[in-house]
Amino acid sequence: MEQVQSILERMVAPLKDLRDRGIFSQEEIHSIVQRRRASEMTLQRRSGVRKSDYLRYIEEELLLERLRKLRKQKVLSEMRNKRKEGYENDQDDDDDDEEPTGKRRKKYAYQTSGPGDAHIVSHIHFIYQRTLKKFKYPIDVVLNYAQFARDFKSFHMMSRIYAEGLQHHPREDGLWIEAASFEFFGYVAQDYENGPLIGGESSTVVGSSIQNARVLMQRGLRINGKTSQELWLQYFALELHYVQKLRGRREILELGLNKDGLPPLEENEGSDGENDQVKRSLQLPSTLLLPSQIIFKNAIKAIPDNIQFRLRFVETCRMFPQTEELEQYIMDSVTEDFGESVEGWVARISYVDEGCKKHASKRERGNVSIGFLSVDNEEDDDGRPTKKARKETDPALALIDEALAAVPTPSMYLECARFLRMRIQHLLDGTCDDEIKYLLQASEDSVQAAQRHAEMLDGIYSLANEKKVSSTSLTLDNADFLLSIGLPEKAEKLLGAACRVDIADASLQLRWSQVSQRMEAAGMKPSLSSTSILRQALRNIPMHDRSSYLMVLTELMNQVMITGPPSKALDEELKALFQKMLLVAQGSEFSVRLEGKNEASEHAEQNLASTFLSYFRYTVLNNNLAARSIYISVLYHSNYGKKCSGMSTGEIQSMKLFFDACIQYEMTNKPGTSKEKKSHKQQLLKLYDSAVSFFSSAQSDSRWRKVVDGYRKQLQREKHSL
């Protein structure tokens, strides 16, 4: 109680100032004190004090500070209007006995600031400090405190907040990055209360220190350098920011810049040998970029085997101008260390393609210089700018040939094929000519360029067949390409040959069946019908491969149900397939996902519930008496219909439709005799009980609680019906 009273006594002077200046009334001051006393008493409890109590206290003070600022603006506006009216009235009353200007100003003077203005913000700082000490500096409170200090221009507290937070959380990468960012970018000296900048109208950045930022990043890397990719990338970006600052400063000082951000050499300065040495030195990153190069070297020493980590450095370089040499240095390290990997070649091909696109865009802009971003113009012997002739060879396509020769693996062929297909799609769909102009050769339009890329793509597939380089994904990609150019016969022949080699590959068998069905719909004659392909696949795929077996089994059932008129043979086949499905489904993952399709297409989810529902509806239409045995087998004689754990959302929704279809079937097929009615009612109640039990196992998801409640109401209604 004494501590609470001591804290409240320190508030007397600033609260009195707020009352005297008319910002808060006496009743409001009393209410503020009562609320703060209650909050302080809560924080002084011996046990049960929660972090949320402190945060709620802070939130209340933030709302009070917002109100105080609005009230102050209102009071100052009223006082200014009153002062203006007083000046006008005094001048109208007596123009001869005009008071001196100084006395008149003193008469209508009013107080614009006082100790109460900073009181609430200081009190929030006090609460934050107590929260941090009480709960051992939780990271969320540290970050919220830093954000509060930044929002309310308490920049003098920022360094202390980050320092204390890092002492307790040295493994938090984000905290090191935020602290270094604050030290480097500094802050603009600004008055939180009034808005104008302190010391004049021009913005003045205070506290900006590259040395402090470097020290923080280096300390963070000493602790987290082996695991934190983000720290290395942010340190790399920090040095690039500093380079841009130096380049901008030199541009302002009119020292001039060459393409490396350095003062240009005079024409007669130095010997030819010195000039050659300078040209050779420009092959590596320039002097200004050496710190970034060193950071990259140390980063790949700490994390050596991650190619995606190195490519993120390239992405960072692209955020800054004039970093092409540094990008090339990074890509050279990728070539050296990942020359035999597919990822390394893919990265190099993508980089060269992006470079061609950027070079073409610069050429189209006409080498315009903007700010300190300059583009070099080549000159001839007479000093006149020259235009480069467009190269007929595409460096990305040439690199594809090198990649296939160096790494002749199925994944390498697949990645190169996908790159070419992406280009073809870009050429055919490109609405902006500037975006595809770098892909065109002289006197060539987009359609001709797409045809040229398609010929090269066909050559890649043919080369893979000659060298007997094959995989499921490569075969499927080749088939999709043949279908896209209108050659379904070749696609069907390709898939058939692949399926005869790998008879147990479900994805190849399913794709072959789909192509065969597509040809039948178009009036063409495939080598085998879609149902024959699936029946053959079902015999070849082992039953212990449940995922593949169920994919083929569900597809075959759906094909049989839509093929031709119903017959006894088809009914017997469907019944046998249904029994196999129930047998394989025991203990398996119910949701089956088609794999091996092209990444551009979405995976089609096949769930057993939808197949059961289709088979039930098919039986109701064609053999009404056998429909009841289907849902009895699914719901009562197998584990599939007992609970919904392991099922996807789509499969649970299909089960909901299955239950509704079964209930509707029983409701529309009511018997005539009283004995049959009693048996029918028991069957219907059993269905409702099964539905309630099934969906109750998914009540952790709120979407199914209403479903359970609905079935329970129907169950009670059916129990009490006549």
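Rules behind the numbers
All chains use their own residue numbering, which begins from 1 and follows the written sequence. Local features in a predicted model are, by the rule used here, given only for residues with pLDDT of at least 70; side-chain atom pairs are given and counted only at 80 or more, and totals for whole chains, interfaces and linings are based on all residues. Side-chain numbers come from the whole structure's heavy atoms, not from hydrogens or water. The helix and strand labels rest on DSSP assignments: H or I over at least four residues marks a helix, E over at least two residues marks a strand, and numbering proceeds from the N terminus. Exposure classes here rest on a 1.4 Å probe applied to the protein chains alone. A residue is buried below 20% of its type maximum, exposed above 50%, and partly exposed in between. Whenever a nitrogen or oxygen atom comes within 3.5 Å of another N or O atom, the pair is scored as a polar contact, on the condition that within protein one atom can donate a hydrogen and the other can accept it, and that pairs from neighbouring residues in sequence are kept only if both atoms are in side chains. Residues are treated as being in contact if the distance between any of their heavy atoms lies within 4.5 Å. pLDDT is a per-residue confidence score from the predictor, ranging from 0 to 100. Planes of paired rings set the category: under 30 degrees apart is stacked, over 60 is edge-to-face and the rest tilted, where pairs are Phe, Tyr or Trp rings (Trp by its six-membered ring) whose centres lie within 6.5 Å. Consider the ring centre and the ring normal. A charge sits over the ring if Lys NZ or Arg CZ is within 6 Å of that centre and within 35 degrees of that normal. Lines are fitted to the C-alpha atoms to define the axes, a helix being fitted only along its stretch in contact, and any angle between axes, read from their N-to-C directions, falls within 0 to 180 degrees. Angle categories: roughly parallel below 35 degrees, roughly antiparallel above 145, roughly perpendicular from 65 to 115, and oblique for all the rest. Should the near helix be turned anticlockwise from the far one by less than a right angle, the crossing is left-handed, and should it be turned clockwise, the crossing is right-handed. Residue polarity follows a fixed list, in which Ala, Val, Leu, Ile, Met, Phe, Trp, Tyr, Cys and Pro are nonpolar, Asp, Glu, Lys and Arg are charged, and the others, Gly among them, are polar.

Asker: Help me get a handle on the side chain of R21, residues and values and all.
Answerer: With respect to the helices, strands and loops of the structure, R21 is situated in the loop between α2 (12-20) and α3 (26-43). R21 sits in the buried class, given a relative accessible area of 11%. At a separation of 2.6 Å, a polar atom in the side chain of R21 contacts the side chain of D17. What R21 contacts, discounting residues up to four positions off in sequence, is K72, V75, Q111, T112, S113, G114, G116 and D117.

Asker: I'd like a description of helix α28 (residues 627-635), backed by residues and values.
Answerer: Most of α28 is tucked away, with seven of its nine residues classed as buried. Taken together, the buried positions of α28 are occupied by A627, I630, Y631, I632, S633, V634 and L635. In the core, the buried residues of α28 are packed alongside α26 (568-585), α27 (608-622), α29 (649-668) and α30 (674-696).

Asker: So what about the confidence of the model for the chain? Which residues, and what values?
Answerer: Summing up the model confidence of the chain, the mean pLDDT is 82 and the portion of residues at 70 or higher is 81%. The low-confidence segment residues 265-271, where pLDDT is below 50, has four contacts with residues more than four positions distant or belonging to other chains.

Asker: So what's going on with the packing of aromatic side chains? Which residues, and what values?
Answerer: Taken as a whole, this structure holds 24 aromatic pairs when the rule is applied. A centroid spacing of 5.9 Å and a plane angle of 20 degrees characterise the contact between F695 and Y711, whose relative ring orientation is stacked. Taken together, the residues span a long stretch of sequence, with F695 in helix α30 and Y711 in helix α31 (residues 705-719) at a distance of 16 residues. Take F695 and Y711: they sit in the same class, and that class is buried. Grouping aromatic residues by their ring pairs yields a cluster made of F236, F296, F309, F313 and Y329. When the ring centre of F126 is taken as reference, the NZ or CZ atom of R10 above it lies at 5.6 Å. The side chain of R348 reaches across the aromatic face of W345, ending 4.1 Å from its centre.

Asker: Just give me the short version of the packing of α28 against α29, but keep the residues and values in it.
Answerer: Angle between the axes and distance between the axes: these two values describe a pair of packed helices. Axis separation between α28 and α29 bottoms out at 11 Å; the angle between their running directions is 140 degrees. Accordingly, the angle class assigned to the pair α28 and α29 is oblique. Between α28 and α29 lies a crossing of left-handed hand. Along its contact with α28, which presents A627, R628, Y631, V634 and L635, the element α29 presents M655, F658, F659, C662, Y665 and E666. Counted by class, the contact of α28 with α29 contains nine nonpolar, no polar and two charged residues.

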